[in-house]
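Take a look at the letters that make up each chain.
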Amino acid sequence: MQLYPAIDLRGGRCVRLYQGSYDDETIFNDDPVAQARQFADGGASWLHVVDLDAARTGEPVNLPVIAAVAAAVDVPVQAGGGVRSLDAAAALAEAGVARVVIGTAAVENPGLVEKVAARQPVAVGLDSRGREVATHGWERAGGKDLLELAARFESSGAEAAVVTEISRDGTMSGPDTDGLAAVLAATGLAVIASGGVAELGDLTALAAVRGGNRRLAGVIVGRALYEGRFTVEQALETLAL
């Protein structure tokens, strides 16, 4: 299972939101490039970057920062936030992003995923409260079912589904292992888990999740790393057990 340290960008800085609320933000680093280098130097083989401003508005205001991050590290960068067109996806690829994550647009226009997948690596971002998927920076209820969407995108050409339980994101209350097992059982896509990781035991629990005889492909970790609950090195050691 791959570790994806998270770099969430707002106003050019590394932040974390609590349960996706833009009114409950913690700034962790004013230098995203230095943060990316720190994660990569710790042994991370991927980085997960989100443009929170773009997720809310659709405007890629942090694109230059994402390009600087991708140029600064020797590991692939997965990035999303506000990717709602072929041009937006292409701009991220041109910025050095190895895999683009499409969230809102995937829910509202599933055909876009197939079009992007024909041109570059793509993952679908499925962010939900329970089984109801949310869109537009988690500020709107999408009215779509998580498991139905996960199954639908299996044949879209996407490489993976990034699944976030919003109620746990940034809370360090533990991951939703039951919900993730249900997603694994519903789709053949590689599933990357996000939300709730607080301690190394949570990584062990995620590594043990099974659904349809499948296991998770990766886990995104943010606040726990920023607050020093554990290091990238310790996380990788745990996931290797």
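Whatever comes next refers back to the structure up there.
Remember, predicted model here, so these are calculated numbers, not experimental data.

Is there a simple way to think about the overall build of the protein in this case?
A tally of regular secondary structure across the protein gives eleven helices and 14 strands. Expected size for 241 residues packed as a compact globule is a radius of gyration near 18 Å; at 16 Å, the protein falls within 12% of this value. Counting only C-alpha atoms, the protein reaches 40 × 40 × 35 Å along its principal axes. Put simply, the protein has 241 residues, and 56% of those count as buried. In the protein, the proportion of contacts linking residues at least 24 apart, taken out of those at least 6 apart, comes to 69%. In the structure as shown, the protein presents an accessible area of about 9,600 Å², 45% of it carried by carbon and sulfur atoms. Charge centroids of the protein, computed over 20 positive and 31 negative side chains, lie 4 Å from each other.

I would appreciate a short explanation of the pattern of salt bridges in the present structure.
Note on pairing: side chains with opposite charge can pair once their charged atoms come close. Following the criterion strictly, the structure yields six salt bridges and no others. E25 is paired through a salt bridge with R10; the nearest N and O atoms lie 3.0 Å apart. Taken together, the residues E25 in strand β3 (residues 21–29) and R10 in strand β1 (residues 2–10) connect sequence positions 15 residues apart. You can call E25 partly exposed: its relative accessible area is 28%. The salt bridge involving R131 is made with D145; its shortest N-O contact spans 2.9 Å. With R131 in the loop between β7 (122–129) and β8 (132–135) and D145 in strand β9 (residues 140–145), this pair connects stretches of sequence that are 14 residues apart. Taking the relative accessible area as the measure of exposure, D145 reaches 18% and is therefore buried. Among the ionic contacts, a cluster of salt bridges with common partners joins R223, E227 and R229.

Looking at this structure, I do not really get the nonpolar core. What am I missing?
In a soluble, globular protein the nonpolar side chains are often hidden away together inside. Counting 66 residues, the largest nonpolar core has L47, V124 and V221 as the members making the most contacts within it. Listed in part, the nine residues of the second largest apolar core include A6, A123, A160 and I192.

Looking at this model, I keep getting lost on helix α4 (residues 86–94). Mind explaining?
In an α-helix, one turn spans 3.6 residues, which is why side chains three or four residues apart end up on the same side. Residues A89, A90 and L92 constitute the buried set of α4. Taken end-on, α4 shows its buried residues confined to a sector of 155°, consistent with a single buried face. Seen from the buried face of α4, the exposed residues on the opposite side, beyond 90 degrees, are D87 and E94. Phi turns positive one or two residues past the end of α4, at G96, with a value near 105°.

Could you clarify how one ought to interpret the packing of aromatic side chains in this entry?
Here a ring pair, both rings aromatic, is described through the centre-centre distance and the interplanar angle of the planes. Summed over all chains, the structure comprises three aromatic pairs. Arranged with centres 5.7 Å apart and planes meeting at 70°, the rings of F39 and Y226 form a pair that is edge-to-face. Residue F39 is found in helix α1 (residues 32–41), and its partner Y226 is found in helix α10 (residues 223–226); the two are separated by 187 residues along the sequence. You can call F39 buried: its relative accessible area is 3%. Here the aromatic residues F28, F39 and Y226 are joined through ring pairs into a cluster of three or more.

Please explain the packing of helix α9 (residues 200–207) against helix α11 (residues 232–240) as it appears in this structure.
When two helices pack together, their arrangement is captured by the angle between the axes and the distance separating the axes. Close contact between α9 and α11 brings their axes to 9 Å; oriented N to C, the two are set at 35°. The element α9 and its partner α11 pack so that their crossing is right-handed. Contact residues: α9 offers L200, L203 and T204, while α11 offers Q234, A235, T238 and L239. Across the contact of α9 with α11, the residue classes break down as four nonpolar, three polar and no charged.

How do you make sense of helix α3 (residues 63–72) when you look at a structure like this?
Among all positions of α3, only V65, I66, V69 and A70 are buried. The buried side chains of α3 occupy one side of the element, clustering within an arc of 135° when seen end-on. Across from the buried face of α3, at angles greater than 90 degrees, the exposed residues are P64 and A71. Residues of α3 that are buried in the fold lie against β1, α1, β4 (47–51), β5 (77–80) and α4.

Is there a simple way to think about the environment of I102 in this case?
Within the element layout of this structure, I102 appears in strand β6 (residues 99–102). Note: C-alpha distance between I102 and L126 (24 residues apart in sequence) is 8.7 Å. In this view, I102 contacts V83, V116, V122, A123, V124 and G125; residues no more than four positions away in its chain are not counted.

What counts and what doesn't
Residues numbered from 1 in each chain as written. Predicted model: local features only at pLDDT ≥ 70, side-chain atom pairs only at ≥ 80, totals over all residues. Heavy atoms only, no water. Helix = DSSP H or I, 4+ residues; strand = E, 2+ residues; numbered from the N terminus. Rg over C-alpha atoms; globule rule 2.2 N^0.38 Å. Buried < 20%, exposed > 50% of the residue type's maximum accessible area, 1.4 Å probe, protein only. Contact = heavy atoms within 4.5 Å. Areas by Shrake-Rupley, 256 points an atom, 1.4 Å probe, with all protein chains shown as cover. Lys, Arg positive; Asp, Glu negative; His and termini not counted. Charge placed at Lys NZ, Arg CZ, Asp CG, Glu CD. Salt bridge = Lys/Arg side-chain N within 4 Å of Asp/Glu carboxyl O. Core = buried A, V, L, I, M, F, W, Y, C linked by side-chain atoms within 4.5 Å. Arc of directions from axis to C-beta. Phe/Tyr/Trp six-rings, centres within 6.5 Å; stacked < 30°, edge-to-face > 60°. Axes fitted to C-alpha atoms, helices over the stretch in contact; angles between N-to-C directions. Left-handed = near helix turned anticlockwise from the far one by under 90°. Nonpolar A, V, L, I, M, F, W, Y, C, P; charged D, E, K, R; others polar.

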